[in-house]
Amino acid sequence: MKKDVLQAFATRVTQANKTELVVIIYEAALASIEEGRKALDAGAIPEARREIGRARDLIAELMRSLDMKYNISTYLMELYRFGHRELCNAMAYRDTKHLDNAAHILEGILPSFKELAKQDESGPVMQNSQTIVAGLTYGPGSDLRETIGVGIGSSRGFQA
């Protein structure tokens, strides 16, 4: 995954609540699967291994975060295990159909978590993180420039 895509995910994480974090993990896993597919098609095995490994790690995080006291968690665990196994098979057999299977599972569940994220009114999980404000301004000669203000405010950092 390119550095700017990773940075975008990292920025979203700093502002996300619990449910939005799950959505971000799903989207990052799908992005890694897609990058792994491109690398596998191009014969770039080390890059494919890295991206598919990242997707496996993200699915493993989803498995670890399940609260097994709820019945639905059992079903999600089985889906995650299948997706994880398919990612392993994709690398072992160097076959993108296994990537398709894993992506299909995640794409099927993602809309539900997106809907839940809309209803989740809890605050961001990360406290005292940077506030990011972005906008467009006019520079010299009427050039349109993008500006990003990071760390605006005095609430950032260690608080005793």
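As a reminder, the structure under discussion sits directly above these lines.
Remember, predicted model here, so these are calculated numbers, not experimental data.

Trainee: Is there a simple way to think about the overall build of the protein in this case?
Mentor: Counting its regular elements, the protein contains 5 helices and 2 strands. Across the protein, helices and strands are ordered from the amino to the carboxyl terminus as α-α-α-α-α-β-β. The burial tally for the protein puts 34% of its 160 residues in the buried class. In the protein, the share of contacts with a sequence separation of at least 24, taken over all contacts with a separation of at least 6, comes to 58%. As presented, the protein carries roughly 10,200 Å² of accessible surface, and 53% of it is formed by carbon and sulfur atoms.

Trainee: Can you help me understand the nonpolar core in this one?
Mentor: The nonpolar side chains of soluble globular proteins are, as a tendency, buried together. Grouped together as the largest cluster of nonpolar side chains are 39 residues, with contacts concentrated most on Y26, I33, Y80, L87 and F113. Among the elements that line this core, the one with the most residues is helix 2 (residues 18-42), at 11 residues. In this view, L87 contacts I33, I52, A55, R56, I59, L99 and A102; residues no more than four positions away in its chain are not counted.

Trainee: Would you mind showing me how to read the side chain of R37 here?
Mentor: For R37, the position within the fold is in helix 2. Among the polar contacts listed, one links the side chain of R37 to the side chain of D100, at a separation of 2.5 Å. Not counting chain neighbours up to four residues away, the residues in contact with R37 comprise T96, L99 and D100.

Trainee: Whenever I open this one, the pattern of salt bridges confuses me. Can you help?
Mentor: Pairs can form between side chains of opposite charge whenever their charged atoms are close. Tallied over the entire structure, the rule returns 10 salt bridges. R12 is the salt-bridge partner of E27, the closest N and O atoms lying 2.6 Å from each other. Of this pair, E27 sits in helix 2 while R12 sits in helix 1 (residues 3-15), placing them 15 residues apart in sequence. The class of R12 is partly exposed, set by a relative accessible area of 36%. The closest approach of N and O atoms between D100 and R37, which form a salt bridge, is 2.5 Å. Residue D100 is found in helix 5 (residues 96-119), and its partner R37 is found in helix 2; the two are separated by 63 residues along the sequence. In this structure D100 comes out as partly exposed when scored by relative accessible area, which is 38%. Accessibility expressed as a relative area gives 17% for R37, which makes it buried. Because the salt bridges share partners, they merge into one network encompassing R12, E27 and K114.

Trainee: Would you explain the environment of F9 in this entry?
Mentor: In this structure, F9 sits in helix 1. The class for F9 is buried, based on a relative accessible area of 14%. For the pair F9 and I24, spaced 15 residues apart in sequence, the C-alpha to C-alpha distance is 7.0 Å. With residues up to four places along the chain from it excluded, the contact list for F9 reads M1, I24, E27, A28 and A31.

What counts, and at which threshold
Residues numbered from 1 in each chain as written. Predicted model: local features only at pLDDT ≥ 70, side-chain atom pairs only at ≥ 80, totals over all residues. Heavy atoms only, no water. Helix = DSSP H or I, 4+ residues; strand = E, 2+ residues; numbered from the N terminus. Buried < 20%, exposed > 50% of the residue type's maximum accessible area, 1.4 Å probe, protein only. Contact = heavy atoms within 4.5 Å. Areas by Shrake-Rupley, 256 points an atom, 1.4 Å probe, with all protein chains shown as cover. Core = buried A, V, L, I, M, F, W, Y, C linked by side-chain atoms within 4.5 Å. Polar contact = N/O pair within 3.5 Å; in protein donor to acceptor, adjacent residues only side chain to side chain. Salt bridge = Lys/Arg side-chain N within 4 Å of Asp/Glu carboxyl O.

Everything listed is a geometric property; what it means functionally is a separate question.
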